[in-house]
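Each chain, written out:
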Amino acid sequence: MNISFLHHPIVLIAKKEIMDNIRNKWILLMTGIFAALTLLISYFGSLGQGWQDLGLTIAGMMALVQYLIPIIGLMLGYAAIVGEIERGSMSALLSFPLKRIEVLIGKFLGLGGVLSFSLLVGFGIAGIVISANVSEVDIGQYLIFLLASVLLGLVFVALSLLASSFFHNRSTAMGLAIFLWFFFTMIWGIIMLGVAMLSMDVETAFTSGFPDWYYAINIINPISAYGTLVSLNVGPVSSSFTEQAFSNPAFYSSELMATILFLWIAISLIIAYIFFKKRDI
Amino acid sequence: MLEKKIRCPSCDFVQTVNGEPGQTVKITCPSCNNVGAFQFPKDPSLHPSDDTSSAISVVELTKTFESVSAVDSATFHIKKGEIFGFLGPNGAGKTTTIKAILGLLYPDKGEIRINGTNIFTDEKKAKSQIGYLPEKVAFYDNLTALQNLMFYAEIKQVSKQCCQPLLNEFGLADAVDKKVGAFSKGMLQRLGMARAVMGDPSILILDEPSSGLDPRGVVFMREKIKHMQQRGATVLVSSHILGEIQEMCDRVCIINKGKIVAVDRIDNLGTRLHLRPKIVILLEKMTEKILKAVEKLKDVDHVETTGTLLEVNCLASAKANVILSVVKAGGNIMNLQIREPSLEDVFMRFTED
Ligand SMILES: Nc1ncnc2c1ncn2[C@@H]1O[C@H](COP(=O)(O)OP(=O)(O)OP(=O)(O)O)[C@@H](O)[C@H]1O
Ligand SMILES: [Mg+2]
């Protein structure tokens, strides 16, 4: 690593976000939560039979982390831009020789880094503890689960920055963040059900399978893409995944799911930049 | 077709004239019938916007918030090395103009150059030459004064070694490790100034630098600003404290309701407005003879009496004569005061409705 890279404004902004989250102990708290949660589910999830292996642990955790990771990602970033504008520190920051795009990317990398670190270390520590207590260990599955979780976290950090760039005060930005969470975790499922009921005979669909377009719409939701990505790679998840009691269509693939998650990150950041760039500070 | 706002030199009435490049148009002032002429520049690209000798060039800047016209085609040029005062009533558009200069808000129209560099096309180069003290000084409240300055030093790519001495210089030696969230308004203002002068920028933009400061702090800040000028910096300073502006500024710009109404040296502005010194004389006894003697003097344009108090408006050159003639007419002067036209008079005249 050369010196000029470490002094790039993007790196400096990212570093500031990371330091802030170390100082206020958020990073520690999140890491602890992720580790404790995994251990609890692994140990108690089997109803008194002791540690479950990694695959079963992941299956037990899916329902929870699908809600938890998005809300943490959104809460981390919803104030990152609008908060600084409201307090007044943004006008000073932007009077220095740096560009708005650098501020945005720096914040994304910093906050994304904080969440990724917590997920990797929290789940990682739990994974090591579990591995030491069970006979069969499939590291590969667990790694894919980790990386997928990191990707999901980054999607919601990017979405939170979008909310933060769009609104003129913290509270409305938080409102949008909470709405996005509701939308993707709850409302989406209702809409999908509505679409199914209006456009097909649901009874037969459940037994003989949904049409491809329906599967395609479903994975637009980053949380669905995440769930599918994990279920495609972790055996016990696909068998216990209640919503997916039916089999995945042939065109579902890990690559497609990862691409969808990456697209969410990229598109959210681009739209966030369009709003941030035009803003009066 | 070009458009130009012309100010009548004798009555200050402003009118808009139109013409083609190179064309000379005759102008008659609708208010006082004064006659003059104006030649439009041949090549519109030779417009002052290309003036690279200016430290800050603002041309035709216009910014509207929803329906409020905050700045309306403001044009002015700040010369390298001068202290340039920016005056105007509350809500006149000073902060808006300053923010536009820094690229913090996007104008509807207009061009801004920092030492010849366009702020919108070469943002980093333009901003690297500026130190800015915002109207609303804010820092990261959870960090200490030193941690804050170090962060900005990194962004500005200057050595972090400069931070501690800067804090000492601005009277914050005792607050180095104090969280900025616990700072008083005056301390924030000092820290804001330290941040602005960090790295010795060639241009300082200060939006009300003395706001929230105690009298000692005001003097201190003024000395700092002059000191920066001596080191070669150009300073744009907005303030409501006219005495301060009068003392340190080379030129001032007055903005009212979004429009620039005057840009000049303070003494020139006084002359243009025909502002005259006023002599206030307290007499032992007021007589008709004294009044007559003063009234018939050359270059005296207004005489007023209240009891034994005599007030005379006259040209600067007639001051001595006024006093002499009062004495000659038998007046016994108890007290005497001469009020020179001040920036306040200028300000009032330019910002009245
Ligand atoms: N973000 C904004 N949204 C809407 N209107 C604004 C905004 N900022 C400024 N204005 C309006 O623009 C006008 C000029 O405001 P500005 O802050 O530039 O005045 P100013 O000369 O700095 O005043 P002061 O001496 O009080 O600091 C005012 O009418 C103000 O209400
Ligand atoms: Mg202001």
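In this report, the structure presented in the accompanying data block is examined. Sequence positions are assigned chain by chain, starting from 1 and proceeding in written order. Here the convention is simple: chains get letters from A, ligands get numbers from 1, in the order in which they are written. Only residues with pLDDT of at least 70 are given local features in this predicted model, and only at 80 or more are side-chain atom pairs given and counted; all residues enter the totals for whole chains, interfaces and linings. As a rule here, side-chain values come from all non-hydrogen atoms in the structure, and water together with hydrogens is ignored.

**A few points about the nonpolar core**
Okay, step 1: Nonpolar core, defined: a set of buried Ala, Val, Leu, Ile, Met, Phe, Trp, Tyr and Cys residues in which side-chain atoms within 4.5 Å join the residues together. Between buried and exposed lies partly exposed: a residue is buried under 20% and exposed over 50% of the maximum accessible area for its type, with that area taken using a 1.4 Å probe on protein chains only. Counting 169 residues, the largest nonpolar core has Phe 145 of chain A together with Ile 205 of chain B as its most contacted members.
Okay, step 2: Looking at this core element by element, the count peaks at 15 residues for helix 8 (residues 139–166) of chain A.
Okay, step 3: Both of domain 2 (47–271) and domain 3 (275–350) of chain B provide at least three residues apiece to this core.
Okay, step 4: What makes two residues a contact is simply this: any of their non-hydrogen atoms within 4.5 Å. Not counting chain neighbours up to four residues away, the residues in contact with Ile 205 of chain B comprise Ile 56, Ile 98, Ile 101, Leu 102, Ile 130, Gly 131, Tyr 132, Leu 133 and Leu 236 of chain B.
Okay, step 5: The next biggest cluster of nonpolar side chains, apart from the first, holds 16 residues, and it includes Ile 279, Ile 281, Ile 290 and Val 326 of chain B. Secondary structure elements are defined from DSSP: runs of H or I of at least 4 residues count as helices, runs of E of at least 2 residues count as strands, and each element is numbered from the N terminus. An automatic or database domain assignment is the source of the domain bounds shown.

**Let's talk about the coordination of the magnesium ion (ligand 2)**
Each donor-metal-donor angle would ideally measure 109.5 degrees in four-coordinate tetrahedral geometry, or 90 or 180 degrees in six-coordinate octahedral geometry.
Residues and elements named next belong to chain B.
Okay, step 1: Distances from the magnesium ion (ligand 2) to its protein donors, Thr 95 (OG1) and Glu 135 (OE), fall at 1.9 to 2.3 Å. Here Thr 95, found in helix 1 (residues 94–101), pairs with Glu 135, found in the loop between strand 10 (130–133) and helix 3 (145–156); they are 40 residues apart in sequence, far enough to count as distant.
Okay, step 2: What makes Glu 135 partly exposed here is its relative accessible area of 36%. Because no water is among the atoms considered, metal sites can look incomplete, with donors defined as N, O and S atoms within 2.8 Å of the metal, or 3.2 Å for Na, K and Ca.

**Observations concerning the environment of Met 19 of chain A**
Okay, step 1: Note on placement: Met 19 of chain A falls in helix 2 (residues 9–23).
Okay, step 2: For the pair Met 19 of chain A and Ala 196 of chain A, spaced 177 residues apart in sequence, the C-alpha to C-alpha distance is 47 Å.

**Re the packing of helix 7 (residues 100–133) of chain A against helix 8 of chain A**
Residue and element names in this part refer to chain A.
Okay, step 1: Taken N-terminus to C-terminus, the directions of helix 7 and helix 8 make an angle of 150°; their axes are 9 Å apart at the nearest point. Classified by the angle their axes make, helix 7 and helix 8 are roughly antiparallel. Judged by the twist between their axes, the crossing of helix 7 over helix 8 is right-handed. Counting all contacts with helix 7, which are made through Leu 104, Lys 107, Phe 108, Leu 111, Gly 112, Leu 115, Ser 116, Leu 119, Leu 120, Phe 123, Ala 126 and Gly 127, the residues of helix 8 involved are Tyr 142, Phe 145, Leu 146, Ser 149, Val 150, Gly 153, Leu 154, Val 157, Ala 158, Leu 161 and Ser 165.
Okay, step 2: The class makeup of the residues in the contact of helix 7 with helix 8 is 16 nonpolar, six polar and one charged. Comment: axis = line fitted to C-alpha atoms, over the contacting stretch for helices; angle = value between 0 and 180 degrees taken between N-to-C directions. For this classification, under 35 degrees means roughly parallel, over 145 means roughly antiparallel, 65 to 115 means roughly perpendicular, and everything else is oblique. Note: crossing handedness is left-handed where the near helix turns anticlockwise from the far helix by less than a right angle, and right-handed where it turns clockwise. The residue classification treats Ala, Val, Leu, Ile, Met, Phe, Trp, Tyr, Cys and Pro as nonpolar and Asp, Glu, Lys and Arg as charged. All others, Gly included, are polar.

**Regarding empty space enclosed by the protein**
To locate leftover empty space, one rolls a probe as large as a water molecule over the atoms.
Okay, step 1: Here the term cavity refers to a set of points on a 1 Å grid, laid over the protein atoms alone, in which a 1.4 Å probe fits but cannot get out; the term pocket refers to an open set having protein on both sides within 12 Å along at least five of seven lines, with lining residues being those that place an atom within 4 Å of a point. Grid points are joined across faces, edges and corners, and a volume is the space filled by probe spheres set on the points. Here the structure, examined in full by the defined rule, presents one cavity of 30 Å³ or more.
Okay, step 2: In this structure, the largest cavity occupies an estimated 40 Å³ of space.
Okay, step 3: Together, Ser 95 and Phe 96 of chain A together with Ile 130, Gly 131, Tyr 132, Lys 156 and Arg 195 of chain B line the largest cavity.
Okay, step 4: No other element matches the three residues that strand 10 of chain B contributes to the lining of the largest cavity.
Okay, step 5: Taken together, the residues that form the lining of the largest cavity break down as three nonpolar, two polar and two charged.

**With respect to the environment of Ile 190 of chain A**
Residue and element names in this part refer to chain A.
Okay, step 1: Within the element layout of this structure, Ile 190 appears in helix 9 (residues 170–199).
Okay, step 2: Ile 190 gets classed as exposed once you look at its relative accessible area, which sits at 60%.
Okay, step 3: Between the C-alpha atom of Ile 190 and that of Ala 173, which follows or precedes it by 17 residues, the distance is 24 Å.

**Details of the interface of chain B and chain A**
Okay, step 1: Listed per partner, the contact involves 28 residues of chain B and 29 residues of chain A.
Okay, step 2: Once two parts are put together, the accessible area they lose, assessed with a 1.4 Å probe and summed over both, is termed the buried area. Both sides of the chain B and chain A interface together cover about 2700 Å² of buried area, and 58% of this is carbon and sulfur.
Okay, step 3: Note on definitions: salt bridges are taken to be side-chain nitrogens of Lys or Arg within 4 Å of carboxyl oxygens of Asp or Glu. We note a salt bridge from Glu 102 of chain A to Lys 124 of chain B, for which the minimum N-O separation is 2.7 Å.
Okay, step 4: Taken together, the elements giving at least two residues each to the side of chain B that touches chain A come down to strand 5 (54–65), helix 2 (123–127) and helix 3 of chain B.
Okay, step 5: Top contributing element to the side of chain B that touches chain A by residue count: helix 3 of chain B, with six residues.
Okay, step 6: Considering only residue class, the side of chain B that touches chain A consists of 14 nonpolar, five polar and nine charged.

**A short note on a nonpolar patch on the surface**
Residue and element names in this part refer to chain A.
Okay, step 1: Together, Tyr 67, Met 174, Ile 178, Phe 182 and Met 186 line one region of the surface with nonpolar side chains, adding up to about 410 Å² of accessible area.
Okay, step 2: The dominant element in the nonpolar patch, judged by the number of residues it contributes, is helix 9, at four residues.
Okay, step 3: Counting through the fold element by element, Ile 178 comes out in helix 9.
Okay, step 4: A residue is classified by how much of its surface remains accessible, and Ile 178, at 33% relative accessible area, is partly exposed. Patch membership is restricted to residues that have no salt bridge and whose relative accessible area is over 30%. Joining uses 9 Å for like charges and 5 Å for the nonpolar side chains Val, Leu, Ile, Met, Phe, Trp and Tyr. Surface exposure here means Shrake-Rupley accessible area, sampled with a 1.4 Å probe, where a residue is shielded only by the protein chains that are shown.

**Quick notes on the site of ligand 1**
Residue and element names in this part refer to chain B.
Okay, step 1: Around ligand 1, the structure places 14 residues, and the nearest of them are Gly 91, Lys 94, Thr 95, Thr 96 and Glu 135.
Okay, step 2: As used in this structure description, the phrase polar contact means that two N or O atoms lie within 3.5 Å; if the pair is within protein, one of them must be able to donate a hydrogen and the other to accept it, and residues adjacent in sequence are counted only when both atoms belong to side chains. In the environment of ligand 1, an oxygen atom lies 2.5 Å from a nitrogen or oxygen atom belonging to the side chain of Glu 135.
Okay, step 3: Taking 640 Å² as the accessible area of ligand 1 by itself, protein coverage stands at 64%.
Okay, step 4: Contributing elements (two or more residues each) for the shell around ligand 1: strand 6 (68–79) and helix 1.
Okay, step 5: Counting residues per element, the shell around ligand 1 draws most heavily on helix 1, at three residues.
Okay, step 6: Considering only residue class, the shell around ligand 1 consists of five nonpolar, six polar and three charged. It suffices for a single heavy atom of a residue to lie within 4 Å of a molecule or strand for the residue to be listed as near it.

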